[in-house]
Amino acid sequence: MVTLYGYPPCSTCKKAEKWLKENGIDYTYVHIVEATPSQDELAELWKQSGLPLKKFFNTSGQVYRNEGIKDKLPNLSEDEQLELLASNGMLLKRPIVTDGQKSTVGFSEKSFTDVWGEVL
């Protein structure tokens, strides 16, 4: 079973949901702000994704800009970055999609086809 961590007003999340539905992939939707993944869950998602940790930050979000996260990140350890991400779901780039083995962050049709197309 696939889990999609999303934010209902997010247009990118809606595109990801549409892609999953069109490709017949069942998923569970988790509201990323109301049920923000824990630090341990984020560490696992990060490991599964193979991406740099900075890709998990919603760099275009208000919280990221207002809190000056860009300037703080270089001085934070990976654990501190994960703790920060777990503290506020609005800091997380979305959607995050996982099946427990692999994870994707954000949405592009190519990446979804590459990663989730094999689920079909």
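Heads up: the structure comes first, above all this text.
Structural notes, computed from the coordinates. In this text, all values refer to a predicted model and were calculated from it rather than measured experimentally.

1. Looking at the pairing of strand β1 (residues 2-6)
Counting buried positions over the five residues of β1 gives five, a clear majority of the element. A two-sided burial pattern is seen for β1, the buried positions comprising V2, L4 and G6 on one face and T3 and Y5 on the other. Of the strand pairs in this sheet, β1 and strand β2 (residues 27-31) are connected by five bridges, and their pairing is parallel. When the bridges of β2 are listed, V2 appears paired with Y27. Each parallel crossover has a hand, and for β1 linked through helix α1 (residues 11-22) to β2 it is right-handed. With three bridges joining them, β1 and strand β3 (residues 96-98) adopt antiparallel strand pairing. Opposite Y5, over in β3, you have I96 as the bridge partner.

2. Re the sheet that holds β1
What the four strands build is an open sheet, ordered β2-β1-β3-β4; its pairing is mixed. Edge positions in the sheet fall to β2 and β4 (103-105), since each of these pairs with one other strand and no more. Strand after strand, the sheet turns through a mean of 15° between neighbouring axes, direction not considered.

Reading the values: rules and limits
Residues numbered from 1 in each chain as written. Predicted model: local features only at pLDDT ≥ 70, side-chain atom pairs only at ≥ 80, totals over all residues. Heavy atoms only, no water. Buried < 20%, exposed > 50% of the residue type's maximum accessible area, 1.4 Å probe, protein only. Helix = DSSP H or I, 4+ residues; strand = E, 2+ residues; numbered from the N terminus. Pairing = 2+ DSSP bridges. Right-handed = clockwise from strand over helix to strand, strands pointing away. Axes fitted to C-alpha atoms, helices over the stretch in contact; angles between N-to-C directions.

In short, geometric facts, not functional conclusions.
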